[in-house]
Amino acid sequence: MSGRGESAERAGSEEPETAHGTTPAEAVPGESEGTPPPGEATDAGGRRRWGGTGLVIALLLGLLGFGISVQFKAGNSDAELAAARPEDLVRILSDLDAQQDRLRREISDLEETRRQLDSGAQGRDAALAEARKRADELGILAGTLPAEGPGLSIEITPGTEKVKAEVILDAIEELRGAGAEAMQISGREGGTVRVVAATYFVDGDNDRLVVAGSSLTAPYTIMVIGGPDTMRTALNIPGGVVDSVRQHGGTVLVREADPVRVTALHAAGELRYAKPA
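Residues numbered from 1 in each chain as written. Predicted model: local features only at pLDDT ≥ 70, side-chain atom pairs only at ≥ 80, totals over all residues. Heavy atoms only, no water.

### Some points on the overall build of the protein
And step 1. Helix and strand counts for the protein stand at seven helices and eight strands.
And step 2. Considering the protein as a whole, with its 277 residues, one finds that 25% of them fall into the buried category.
And step 3. If you take every contact in the protein between residues at least 6 apart in sequence, the share linking residues at least 24 apart comes to 71%.
And step 4. On the protein, roughly 19,100 Å² of surface is accessible, and the fraction owed to carbon and sulfur atoms is 55%. (Helix = DSSP H or I, 4+ residues; strand = E, 2+ residues; numbered from the N terminus. Buried < 20%, exposed > 50% of the residue type's maximum accessible area, 1.4 Å probe, protein only. Contact = heavy atoms within 4.5 Å. Areas by Shrake-Rupley, 256 points an atom, 1.4 Å probe, with all protein chains shown as cover.)

Right, here's the structure in full:
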């Protein structure tokens, strides 16, 4: 009886230890808190290292952040386009279409040039023809060669106030942005001036307009070669050149012509500082 009583007492005293402690089935030899599970990589100090799974997770998080950023920017761009006026949207679309057409033509010309250069016997002739073509294009852009092609004739007549130089400059910049390739401006008096990158416009005395040193009187006529529809749209945007002139009682007469002839030449000076890079 005493032996069974002692066994019962020991059994009763061991049950709480099992409930509050670690049972033999739960205990893992050599494992303690902070020890990585089997198979996880550690460094020399026993610290956990990022494995392949960790790198994949980090990469996915980075791609998620990039996607959210791109979506946010696209949303802002869509909001700006949604708030734009129909006239502005038409102008943007026309500009993009014109740029796309020019790029396609350039790609086609370059591919044809490459085929000719690769043809062997005709390579030299093709190279000389391409060099002449590039020289002509540069001459037109620099204003040292005359040019002709489709474009617009723009006549600007002042109203109650003179047409200031800044208005004419805005017209030139809008035409350039719409793809103008060659331009000249003339007045009732003062001759004709070729418009190039270095051409300047200043308000002169007696309501005259000074263009690259030449004094012109109104009305002014701009002859420009380029895509007629795109350039016409650029001039007629709200708040543009046509609006500015009409607000002061003036008129802007835009006529399409084919061909437009730009015959005035720019005397190119000798470069003192710039040289090919």
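Back to the write-up after that little detour.
### Considering the sheet that holds strand 2 (residues 182-187)
And step 1. Reading across from one edge, 3-2-7-1-8 is the order of the five strands in this open sheet, with antiparallel pairing throughout. Unpaired on one side and paired on the other, strand 3 (192-195) and strand 8 (251-262) mark the two borders of the sheet. Within this sheet the neighbouring strands show an average axis-to-axis angle of 20°, counted without direction.
And step 2. Examined bridge by bridge, strand 1 (residues 147-157) and strand 8 share 10 bridges and lie antiparallel to one another. Looking across to strand 8, one finds that Gly149 is bridged to Val260.
And step 3. Each of strand 1, strand 7 (220-225) and strand 8 touches helix 6 (residues 228-235); the most contacted strand, strand 1, lies at about 20° to it. (Pairing = 2+ DSSP bridges. Axes fitted to C-alpha atoms, helices over the stretch in contact; angles between N-to-C directions.)

### Looking at the sheet that holds strand 4 (residues 201-203)
And step 1. Spatially, three strands are ordered 4-5-6 in an open sheet, and the strand pairing comes out antiparallel. Each edge of the sheet is formed by a strand with only one pairing partner; in this case those strands are strand 4 and strand 6 (214-216). Shown here is a sheet whose adjacent strand axes are inclined to one another by a mean of 30°, direction ignored.
And step 2. Seen against the sheet, helix 5 (residues 165-177) touches strand 4 and strand 5 (209-211) and runs at an angle of roughly 160° to strand 4.

### Focus: helix 6
And step 1. Residues Pro228, Thr230, Met231, Ala234 and Leu235 constitute the buried set of helix 6. Seen along its axis, helix 6 keeps its buried residues to an arc of 165°; they face one direction. (Arc of directions from axis to C-beta.)

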